[in-house]
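Structure assessment
Here's the letter readout for the chains.
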Amino acid sequence: ALAWHLAQCYRGSIKRLIITLPPRNLKSICTSVAFPAWVLGQDPARRIICASYANDLAAKHARDCRAILDSDWYRSAFPATRLNPKKSAELEFETVQHGFRYATSHGGTLTGRGASIIIVDDPIKPGDAQSDVKRKSVNEWFDSTLYSRLDSKKNDVIIIVMQRVHVYDLVGHVLAKGSDWVHLNLPAIADTSQAIPIGMGEVHTRRAGNVLHPDREPRAVLESIKADMGSMAFSAQYQQRP
């Protein structure tokens, strides 16, 4: 489901995408690491900005993505995509075709920067979510700074990927505006039946009560986590109901 929705963003079929799912379920690996590498493999001139709540997290995702582009198997799969050795900083690397992946954090410098794909990955720490000031700061940064960095407001892509942390977090903020966002929401335990697109004409039907990953986190484990965390925290982080 993640791969299908992200591929539709690359193709332009989806221009505004929200991905919400519980922690430790590959949302950052797929969206901030693998997806930019794949996009630059398809189109090495593509310009990508990735933003997270802190510089160290943004840098970690950037290093992981660059490691993929440096790998032998990636070079074999995408022989036209090569990194520019003169433009290979920790937070930004560039291809020889002048495409790039630029990493920043909330409040980071974006003056003069533009991109056709902007990825916002965990824009606020869960510990900051109860602060009205910090939530408002993130939401205003998105509206006034990050959104304006799209090369084309009409045709380019914004992806928000996060676990829900508050009713008025960034996901709540953008959905309240009634914009045309596609929302891929994958709670740990399905509240209702879901028909989830996973390919061209392919849909995975998830029944109410189904566990997201029963081999890794079966129902008994999730109930134990709920007992340890408390119902409210579990509902926000695992059920995406802030």
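Reference entry: report on the structure contained in this document. Nothing here was measured: the structure is a model prediction, and the numbers come from that model.

Comments concerning the sheet that holds strand E8 (residues 182-185)
- Across the sheet, eight strands lie side by side as E3-E4-E5-E2-E6-E7-E1-E8; this open sheet has mixed pairing. In this open sheet, the two edge strands, each paired with only one partner strand, are strand E3 (83-88) and E8. Taken pair by pair, the neighbouring strands of this sheet meet at an average axis angle of 20 degrees, ignoring direction.
- Where strand E2 (residues 47-52) and strand E5 (residues 100-105) come together, six bridges link them in parallel fashion. Directly across from Ala51, in E5, lies its bridge partner Thr104.

A word on the pairing of E3
- Here E3 runs beside strand E4 (residues 92-95); their pairing, made up of two bridges, is antiparallel. Each bridged residue has a counterpart across the sheet, and for Ser88 the counterpart in E4 is Phe93.
- Hairpin remark: E3 followed by E4, antiparallel, with three residues in the connecting loop.

Focus: the nonpolar core
- Core analysis: the biggest nonpolar cluster contains 30 residues, and Ile19, Phe35, Leu69 and Ile159 have the highest contact counts within it.
- For this core, the secondary structure elements donating two or more residues are helix H1 (2-11), strand E1 (16-20), helix H2 (27-42), E2, helix H3 (55-70), strand E6 (117-121) and strand E7 (157-162).
- The element contributing the most residues to this core is H2, with five residues.
- If we skip the residues at most four places from it in the chain, Phe35 touches Leu6, Cys9, Tyr10, Cys30, Ile117, Ile119 and Ile159.
- One finds Ala129, Phe142, Val165 and Trp181 within the second-largest nonpolar core, a separate group that totals 24 residues.

About the criteria used
Residues numbered from 1 in each chain as written. Predicted model: local features only at pLDDT ≥ 70, side-chain atom pairs only at ≥ 80, totals over all residues. Heavy atoms only, no water. Pairing = 2+ DSSP bridges. Helix = DSSP H or I, 4+ residues; strand = E, 2+ residues; numbered from the N terminus. Axes fitted to C-alpha atoms, helices over the stretch in contact; angles between N-to-C directions. Core = buried A, V, L, I, M, F, W, Y, C linked by side-chain atoms within 4.5 Å. Buried < 20%, exposed > 50% of the residue type's maximum accessible area, 1.4 Å probe, protein only. Contact = heavy atoms within 4.5 Å.

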